[in-house]
Amino acid sequence: MSTKTTTRPARSGLDSFFKISERGSTVAREVRGGFVTFFTMAYIVVLNPIILSGIQDGSGNFIGGTSDLTQSKLLVAVGTALIAGLMSILMGLVANFPIALAAGLGINGLIASMVVAHAASEKITFADLMGLVFIEGVIILVLVLTGFRAAVFRAIPKPLKVAISVGIGLFIAYIGIIDAGFARPTMNGSVPSELGIGGSLDGWPTVVFVAGVLLMAVLVIRKVKGAILIGIVAATVLAMILEAVFHIGARVYQDGKLVNPEAWALSVPHWPSSPTNTPDFGILGQFSLLGSFEKLGIVTAGMFVFTLLLADFFDTMGTIVAIGAEAGLLDEEGNPPKTQQILVVDSIAAAAGGAAGVSSNTSSVESASGVGEGARTGLAAIVTGVLFLLATFLAPVFAIIPSEAATPALVIVGFLMMQQVTGIDWRDMEVAIPAFLTIMLMPFTYNITVGMGAGFIAWVVIKIAKGHARTIHPLLWVIAASFVIFFAKAPIESMLLG
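1. Notes on the environment of A120
So, point 1. If you trace the backbone, A120 turns up in helix α5 (residues 105–122).
So, point 2. Of the residues examined, A120 reaches a relative accessible area of 67% and is grouped as exposed.
So, point 3. Taking C-alpha positions, A120 is 41 Å from S165, a pair spaced 45 residues apart along the chain.

2. Observations concerning helix α19 (residues 448–465)
Within an α-helix, residues lying three or four positions from one another point in the same direction, as the helix has 3.6 residues per turn.
So, point 1. Between the first and last C-alpha of α19 there are 26 Å, a value that for 18 residues agrees with the 26 Å anticipated at 1.5 Å per step.
So, point 2. The buried count for α19 comes to 14 of 18 residues, which makes it a mostly enclosed element.
So, point 3. Looking one or two places after α19, you find G467, whose phi comes out positive at around 80°.

3. As for the nonpolar core
So, point 1. Within the largest apolar cluster, 124 residues are counted, with the highest numbers of intra-cluster contacts made by I111, I168, F314 and F456.
So, point 2. Top element by residues in this core is helix α12 (residues 298–327). It accounts for 14 residues.
So, point 3. With residues up to four places along the chain from it excluded, the contact list for I111 reads L52, F126, L129, M130, V133, F304 and S359.
So, point 4. Listed in part, the eight residues of the second largest apolar core include V208, A239, L242 and I248.

4. Regarding the packing of aromatic side chains
So, point 1. Summed over all chains, the structure comprises 17 aromatic pairs.
So, point 2. For the ring pair Y174 and Y446, a centre distance of 5.9 Å and an interplane angle of 70° mean the geometry is edge-to-face. Here Y446 lies in the loop between α18 (429–445) and α19 and Y174 lies in helix α8 (residues 158–179), a separation of 272 residues in the sequence.
So, point 3. Accessibility expressed as a relative area gives 39% for Y446, which makes it partly exposed.

5. What to know about the packing of α18 against α19
So, point 1. Contact geometry of α18 with α19 gives a least axis separation of 7 Å together with a crossing angle of 160°. Classed by the angle they form, the pair α18 and α19 counts as roughly antiparallel. Like other packed secondary-structure pairs, α18 and α19 cross with a definite hand, here right-handed. Of the residues in α19, those in contact with E430, V431, I433, P434, L437, T438, L441, M442 and T445 of α18 are I448, V450, G451, M452, A454, G455, A458, W459, I462 and K463.
So, point 2. Looking at the contact of α18 with α19, its residues break down into 13 nonpolar, four polar and two charged.

6. A closer look at unusual backbone geometry
So, point 1. Residue K19 is not a glycine yet carries a positive backbone phi of 55°.
So, point 2. Among the structural elements, K19 can be located in the loop between α1 (13–18) and α2 (27–41).
So, point 3. In this structure, Y446 takes a positive phi of about 60° despite not being glycine.

7. Description of the environment of S113
So, point 1. With respect to the helices, strands and loops of the structure, S113 is situated in helix α5.
So, point 2. According to the relative accessible area criterion, S113 is partly exposed, its value standing at 37%.

8. Examining the packing of helix α9 (residues 204–221) against helix α10 (residues 227–246)
So, point 1. Where α9 meets α10, the closest approach of the two axes is 9 Å, and the angle between their N-to-C directions is 155°. Here α9 is positioned roughly antiparallel relative to α10, judged by the angle of their axes. Here the hand of the crossing between α9 and α10 comes out right-handed. Between α9 and α10, the residues in contact are W204, V208, A211, G212, L215, M216, L219 and V220 and A227, I228, I230, G231, I232, A234, A235, L238, A239, L242 and F246, respectively.
So, point 2. Looking at the contact of α9 with α10 residue by residue, the class counts come to 17 nonpolar, two polar and no charged.

9. Remarks on the side chain of E430
So, point 1. Mapped onto the elements, E430 comes out in helix α18.
So, point 2. Polar contacts involving the side chain of E430 include one to the side chain of K463, which spans 3.0 Å.
So, point 3. Among all residues touching E430, those that are not within four sequence positions of it are W459, I462, K463, K466 and H468.

About the thresholds
Residues numbered from 1 in each chain as written. Predicted model: local features only at pLDDT ≥ 70, side-chain atom pairs only at ≥ 80, totals over all residues. Heavy atoms only, no water. Helix = DSSP H or I, 4+ residues; strand = E, 2+ residues; numbered from the N terminus. Buried < 20%, exposed > 50% of the residue type's maximum accessible area, 1.4 Å probe, protein only. Expected span 1.5 Å × (residues − 1). Core = buried A, V, L, I, M, F, W, Y, C linked by side-chain atoms within 4.5 Å. Contact = heavy atoms within 4.5 Å. Phe/Tyr/Trp six-rings, centres within 6.5 Å; stacked < 30°, edge-to-face > 60°. Axes fitted to C-alpha atoms, helices over the stretch in contact; angles between N-to-C directions. Parallel < 35°, antiparallel > 145°, perpendicular 65-115°, else oblique. Left-handed = near helix turned anticlockwise from the far one by under 90°. Nonpolar A, V, L, I, M, F, W, Y, C, P; charged D, E, K, R; others polar. Polar contact = N/O pair within 3.5 Å; in protein donor to acceptor, adjacent residues only side chain to side chain.

Written out as structure tokens, the structure reads:
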């Protein structure tokens, strides 16, 4: 599981194209890494429809332009898998980087909340908001092609890049324990989260998660090839056995309350009656370019685009740094190879997600699980992409994997990324405080962008206070000012609207 690469002579055309041996990997390792990344990310095909479906927009329809909720969920699921597959393959071919792409959870949640807030009064539709997502992706692409985004990437101080990697490690580990139900939001609100259900572990799904974490930990320590993949498969088999014996079922809400918290969070692990489905791509192209500006006005629509822009801009940077650091692919300044190509593909993915009507697609932090398995090249991203494309036809099969079996990978990879914390000089408070804020706020706010923004602002403020303002890169002034607007966007929007 070492992040260092060992250069070996290329042995084939495939090896040469992806620089597999040069980066100290093998074809088998790349394929394993691609599978692990997919299994860790596959939940998005189930979760994206849950977030975006079930809400009627201003037209009275669900997302996808249909009044049938079941059909709406299927449309979103197929579209989610299709765009994730195509963009992941594009990333592998163009940028040769071991990172897959899929719909961003923060952005789809933001879209759903905007529909709830404005559907009744402004008659806003999903297509209107997807138009804003498309516009944001185009703006990001322009910033990349002009070299601005890469320049900002290079302007970030190296200690903050290390802190970003560590923070994302803690963030994905936190995602793992929350999604698995090992830790959950409290019912009474006295504290934000607690152990299991009412402060105690309960339910067979939790057993699957704990068993998966322990198995992966043992296999990683013993340096078993395919440790994380073996762990996911073994945990899934255990889950299927437990479901067959105890008929646990999925979590059910009644009157807004969870009545069976000990059940499976998302997918119920049982073999489907039919392993295949006929994909319906009818959601593609359902976006209205200027509909939101006409209904919401320039200020509200513009602030929404700004929020998407900043989140997409810096979430991707943080993810790329974290993945590159874990893979041992960063240069002395903390920059990955082919930074420009990586950012171009990510920008295209944002626009493509909007044009496809399934929300902005972005570089997925779960790719760290594949890197933890040994992936070092774009071949792993292509393998993940192919599996996503297969998921459009084999969705019932991939839905077998419960989140409780996949999320142990996030915990283990979070630990591996956390090891980079020794790269920060904690004795130098001028560096350590911004780094600490970056690391702490990512999991605490459940938002990568917030952690990065706090770190950038603290870096600038502390440098000024120390009399070192001249050492601040000019672009960091711009970044810090942008994040001040980001954090205060609600009062600013209210002030502008009068």
